[in-house]
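# Close look at the chain arrangement
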Amino acid sequence: MIAENTQTQMRKGILEYCILSIIARDETYASDIIAELKKAQLLVVEGTLYPLLTRLKNNGLLTYNWVESTSGPPRKYYALSPEGRKVLEQLDTTWNELVFAVNTAVGKNK
């Protein structure tokens, strides 16, 4: 039970970073973000993703664009704002520092 809780917290902690990284590649539709996260075994449901996307947008890190769809209603495509790109660069640096620190602490950097 303790390990599962820690695993969940670790995944939550990196989810925003992963979402920003996925969106940085190209304008992205929410279901494509979910597919990428599932492919990476960071299973996320829409009920988790949409509030995160809204928060990132409200914090000025994302913009969105409505695109007409041939198979239904218009789709909202997300992109990083200039501020989002700056934050992602900072998170990239932090991630690399954390990977080094954890690998050193657990004895993988010898």
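Cut-offs used in this document
- Residues numbered from 1 in each chain as written.
- Predicted model: local features only at pLDDT ≥ 70, side-chain atom pairs only at ≥ 80, totals over all residues.
- Heavy atoms only, no water.
- Helix = DSSP H or I, 4+ residues; strand = E, 2+ residues; numbered from the N terminus.
- Buried < 20%, exposed > 50% of the residue type's maximum accessible area, 1.4 Å probe, protein only.
- Contact = heavy atoms within 4.5 Å.
- UniProt positions renumbered as here; feature names shortened; annotations may be inferred.

The subject of this paragraph is the environment of Tyr 50. Looking at where Tyr 50 falls in the secondary structure, it is placed in helix H3 (residues 46-58). Residues Tyr 50 and Glu 4, spaced 46 residues apart in sequence, show a C-alpha to C-alpha distance of 24 Å.

Turning our eyes to something else, we now look at unusual backbone geometry. Positioned with a positive phi, Gln 41 is a non-glycine residue whose angle comes to about 65 degrees. Here Gln 41 is to be found in the loop between helix H2 (30-39) and H3. Given the relative accessible area of 59%, Gln 41 is considered exposed.

A separate point is the side chain of Ser 81. Tracing the sequence through the fold places Ser 81 in the loop between strand S3 (72-80) and helix H4 (82-105). When near neighbours in sequence (up to four residues on either side) are disregarded, Ser 81 contacts Gly 60, Leu 61, Leu 62 and Thr 63.

A word on the UniProt feature "domain: Transcription regulator PadR N-terminal" (unreviewed entry) in the protein chain. The positions UniProt marks with the feature "domain: Transcription regulator PadR N-terminal" (unreviewed entry) are residues 19-89. Secondary structure over residues 19-89 splits into 54% helix and 27% strand, and the C-alpha atoms at its two ends are 13 Å apart.

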